[in-house]
Amino acid sequence: GIAPFDSRWTVLSQSRTIQKPSLIVFTPSRLPRRGGGEKYSIIMSSSPEKNAVKSSSGSKSKFVVIISCAILILLFQMSSLEQMMTSNFLNTDNAATALQHSSTGSRRRRKLGDGCYHVFLDVGSNIGIHARFLYEPERYPDSLSSRAAFAREFGSPPRDNRDYCVFSFEPNPKFEKRHYDLERAYAAMGWRYTPIIAGASDADGNFTFYHSAFEKEEWETGFSAVTPKTLYGNDATPKTVPIIRLATWIREEIGGREIPTTRYSEEYSDPKVVMKLDIEGLEFKVFPDLLTTGALCNNIHYLMGEFHHGPGNHNYFPINLTSDGTHILNHRKEGEKLAHQLLHLVDITENCMTKISLEDDESYLNDPHDFPKSNQTAIPS
């Protein structure tokens, strides 16, 4: 709706470049006038040459037009400022997409791992018991392998739990409430625990998992995406759950995180990332992706967990490794061979910092303890 330019128009500003029209206002050319003088058409567009006011001989009307244009320009500037501020401080519930200024002054997306000196990734967390092994080791004396790993990588107790962040991946909706209750209990203690109610895989999306034969048990283990007829028979209950590509999540949320320059703990230890991986057969899909993307070797200092290829795991197979079914582990021996090959690749990769232990700590299938209260000692001994 811009009229052709003619010589009777006076360009208000040729120096200001308007990126996009904030608003367009013009008075109809046939409106009756009061007080004499010529009629005006106020036009604002994305082209500086078209931001013009039709000339007139009426001084009062000229004044009105100039004030109107000034108001329009001010409104445009305020709108642009508001958009910029909204963009700079955009945030989501989990702060994963917030923008912040790094030490170099450049803007970057805030990572979930920012501010975490040490990180523990509990992938396949079930009821979240391994986080309790870390934060409350004195209450779980039978957790020998996990407590030893945490002491070796993070330092021996007493540790100040404010130096740690735990990210707990669990797709079973049965335990969702428990994880969020644990998050609140730990937050009251000043400890960071973040549930991620999703399965770990080599792609993002949704996937069908199956409840195990222990579905009715409070501590149900074995919630899995492997073929249900081979693992649990025809009575397995299907459940579609979200899955995330673990390799991408680690690189985007943990890799390059902002590590605090000071610690709460008096005992010094280098910043570490420890991961537990126990995902009921999907490790044959996830581990190669972690390895080939560099997410494992560049970010994880210590990995503990399980490959389901032992003599008692024959009913996990066959396992589809690709969505098109071109690569299948048909039986346990093929799974065992692949697991040894993958672990060997880690061993012979000189620049891979990851140490691996296939220790599966299932010392507490049930949790014998209530969640801690905020009036308890905030730093367990």
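Refer to the preceding data block for the structure.
Overview of the structure.

What counts as what
- Residues numbered from 1 in each chain as written.
- Predicted model: local features only at pLDDT ≥ 70, side-chain atom pairs only at ≥ 80, totals over all residues.
- Heavy atoms only, no water.
- Pairing = 2+ DSSP bridges.
- Helix = DSSP H or I, 4+ residues; strand = E, 2+ residues; numbered from the N terminus.
- Axes fitted to C-alpha atoms, helices over the stretch in contact; angles between N-to-C directions.
- Core = buried A, V, L, I, M, F, W, Y, C linked by side-chain atoms within 4.5 Å.
- Buried < 20%, exposed > 50% of the residue type's maximum accessible area, 1.4 Å probe, protein only.
- Contact = heavy atoms within 4.5 Å.
- Disulfide = S-S within 2.5 Å.

### As for the sheet that holds strand S16 (residues 355-357)
Strand order in this open sheet of six strands is S8-S7-S6-S12-S13-S16, and the pairing throughout is parallel. The sheet terminates laterally at strand S8 (192-196) and S16, the two strands that pair on one side only. Here the strands of the sheet are splayed against their neighbours by 15° on average, with no regard to which way each runs. As paired strands, strand S12 (residues 273-277) and strand S13 (residues 302-305) are joined by four bridges and run parallel to one another. Within S13, the residue paired with Lys276 across the bridge is Met304.

### With respect to the nonpolar core
Membership of the largest hydrophobic core comes to 50 residues, with the highest contact counts inside it found for Leu121, Phe167, Leu246, Trp249, Ile250, Met275 and Phe287. Within the residue set of this core, elements represented by two or more residues are strand S6 (118-123), strand S7 (164-169), strand S11 (238-245), helix H6 (246-253), S12, helix H7 (283-293) and helix H8 (332-348). The residues touching Leu246, leaving out its near neighbours within four places in the chain, are Val123, Phe169, Ala200, Ser201, Met275, Leu277, Val286 and Leu290. One finds Leu134, Phe150, Phe175 and Val274 within the second-largest nonpolar core, a separate group that totals 23 residues.

### Thoughts on the sheet that holds S11
Taken in spatial order, the three strands of this open sheet run S9-S11-S10, and their pairing is mixed. The open sheet has two edge strands, strand S9 (199-201) and strand S10 (205-210), and neither has a second partner. In this sheet, neighbouring strand axes are inclined to one another by 50° on average, regardless of whether the strands run parallel or antiparallel. Where S10 meets S11, six bridges bridge the pair, whose relative direction is antiparallel. By the bridge assignment for S11, Gly205 is matched with Ile243. Lying on the sheet, H6 is in contact with S9 and S11; it crosses S11 at an angle near 45°.

### Some details on the environment of Ser143
Mapped onto the elements of the fold, Ser143 is located in the loop between helix H2 (129-135) and helix H3 (144-154). What makes Ser143 buried here is its relative accessible area of 0%. Linking Ser143 and Ser363, residues 220 residues apart in sequence, is a C-alpha distance of 5.7 Å. Among all residues touching Ser143, those that are not within four sequence positions of it are Phe133, Asp361, Ser363 and Tyr364.

### Quick word on the state of the cysteines
Under the defined criterion, the tally for this structure stands at two disulfides. For Cys297, the disulfide goes to Cys352, at an S-S distance of 2.1 Å. The S-S bond linking Cys297 to Cys352 shows a torsion near -85°; that makes this disulfide left-handed. Remark: Cys352 occurs in the loop between H8 and S16 and Cys297 occurs in the loop between H7 and S13; sequence separation between them is 55 residues. For the pair Cys297 and Cys352, one class covers both residues: buried. Going through the protein chain in sequence order and numbering each bonded cysteine, the pairs you get are 1-2, 3-4.

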